[in-house]
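Okay, here's what each chain looks like letter by letter:
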Amino acid sequence: MLELRHNPITDEWILVSSDRQKRPVQPATSTCPLCPGGVEFDRDYDLAVFDNRFPSLKLDAPPVEHPADEIFKNAPSFGKCEVVMYTSNHNSSMSRMPIGQIEKLIYVWEDRTRELAKEEKIKYIFPFENRGKEVGATLSHPHGQLYAFPFIPKRIQAMIDAEKKYRKEHGKCVICDVVDSELKAHERIVYEGNHFVAVTPYFARFPYEVHVYPKRHISFFMDMTPQEKFDLAVILKIVTSKYDSLFDEEFPYMMAIFQSPVNSAMEDFHFHIEFYPPKRDKNKIKWMASVETGTWTFINPTTPSDIAKQLKDTPYII
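The structure presented is a predicted model; accordingly, all values stated were derived computationally and were not measured.

Here is what the cut-offs are and how they apply
Residues numbered from 1 in each chain as written. Predicted model: local features only at pLDDT ≥ 70, side-chain atom pairs only at ≥ 80, totals over all residues. Heavy atoms only, no water. Pairing = 2+ DSSP bridges. Helix = DSSP H or I, 4+ residues; strand = E, 2+ residues; numbered from the N terminus. Axes fitted to C-alpha atoms, helices over the stretch in contact; angles between N-to-C directions. Contact = heavy atoms within 4.5 Å. Salt bridge = Lys/Arg side-chain N within 4 Å of Asp/Glu carboxyl O. Buried < 20%, exposed > 50% of the residue type's maximum accessible area, 1.4 Å probe, protein only.

### Thoughts on the sheet that holds strand E9 (residues 196-199)
And step 1. Read across the open sheet, the 9 strands follow the order E3-E5-E7-E6-E11-E12-E10-E9-E8; overall the sheet is antiparallel. If you trace the sheet from one side to the other, it starts and ends with strand E3 (48-51) and strand E8 (189-192), each paired once. Averaged over all neighbouring strand pairs, the angle between strand axes comes to 20°, with direction disregarded.
And step 2. In this structure, strand E6 (residues 124-131) lies alongside strand E11 (residues 253-258), joined through 4 bridges in antiparallel fashion. Within E11, the residue paired with Glu129 across the bridge is Met255.
And step 3. Helix H3 (residues 174-185) contacts E8, E9, strand E10 (210-214) and strand E12 (272-276) of the sheet and is inclined by roughly 110° relative to E10.
And step 4. Across the sheet, helix H4 (residues 226-246) touches E6, E8, E9, E10, E11 and E12, and the angle it forms with E9 is around 20°.

What follows is the structure in structure tokens.
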């Protein structure tokens, strides 16, 4: 079964993809499908992108049989799900990769955004990484993914609506003002580069949540100068290296990259990256429990400024 189903109660789309139950889960290193010689690659590689073998969205999505009851709507799962390989080295990670490798990864994200945006029915392109079994990663080999949606996902739409409301009331971009305020306060800055800044935001939902913002208002990877891409690579390495140093372990996280929607949906969204680590201490998990999942209201058991100081004081390897 592969189709989109509409929830009329919340007005959101659900991806139904039953084949994903067949995905391998945390196989041994010797049988990793992403290593050279594994199922996906018959030779060594540097960075690579390939179609997800267990997609939730496909450009050649199969037709669907519409339900008889008019209240229920469905649609073909048109879109794209790609796997983005960071390196052929199974034991590497963003925190351990050379900055030059992360810089190349940024160019890959840029290239895939540019190519997938050519599909007129694609409305949102979302690169992301799930690191660690705590956030559902099924393979430990360093990689990310990319979903190209035929609609604007619900949380993205909430960001767009909030940005429009703020701009109508204040005449400015809300994220530009958040960045200015964080730089002035200097209480929650984890690391500041020439073109990007990493902060534990005032409104953090997860204890160790970090946002990476460009200081300049840009909407896509394509808008970045070469120097900005290099600066972004540096700050991504520093943030993830600090995470690993925090408890001297491979720190799990979800990394979400937010660009502007494509194909006339909106062109003025402020690019940024959000990290959501599931941990609230070395041996404690911040669960997405009833309040968070049922109401979309998060309870943060820490103070963002305290976490920012802890992360700022945590060493990193560059």
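Text resumes after the structure shown.
### A closer look at the pattern of salt bridges
And step 1. Applying the stated criterion across every chain, the model contains 24 salt bridges.
And step 2. A salt bridge links Asp46 to Lys104, with the nearest nitrogen and oxygen atoms 2.6 Å apart. Separated by 58 residues along the polypeptide, Asp46 in the loop between strand E2 (12-17) and E3 and Lys104 in helix H1 (residues 99-116) bring together distant segments of the chain.
And step 3. The salt bridge partner of Glu292 is Lys286, with a shortest N-O separation of 2.5 Å.
And step 4. With relative accessibility at 4%, the residue Glu292 sits in the buried group.
And step 5. A residue is classified by how much of its surface remains accessible, and Lys286, at 10% relative accessible area, is buried.
And step 6. Linked through salt bridges whose partners overlap, the residues forming this network are Asp51, Lys80, Glu82, Asp111 and Arg112.

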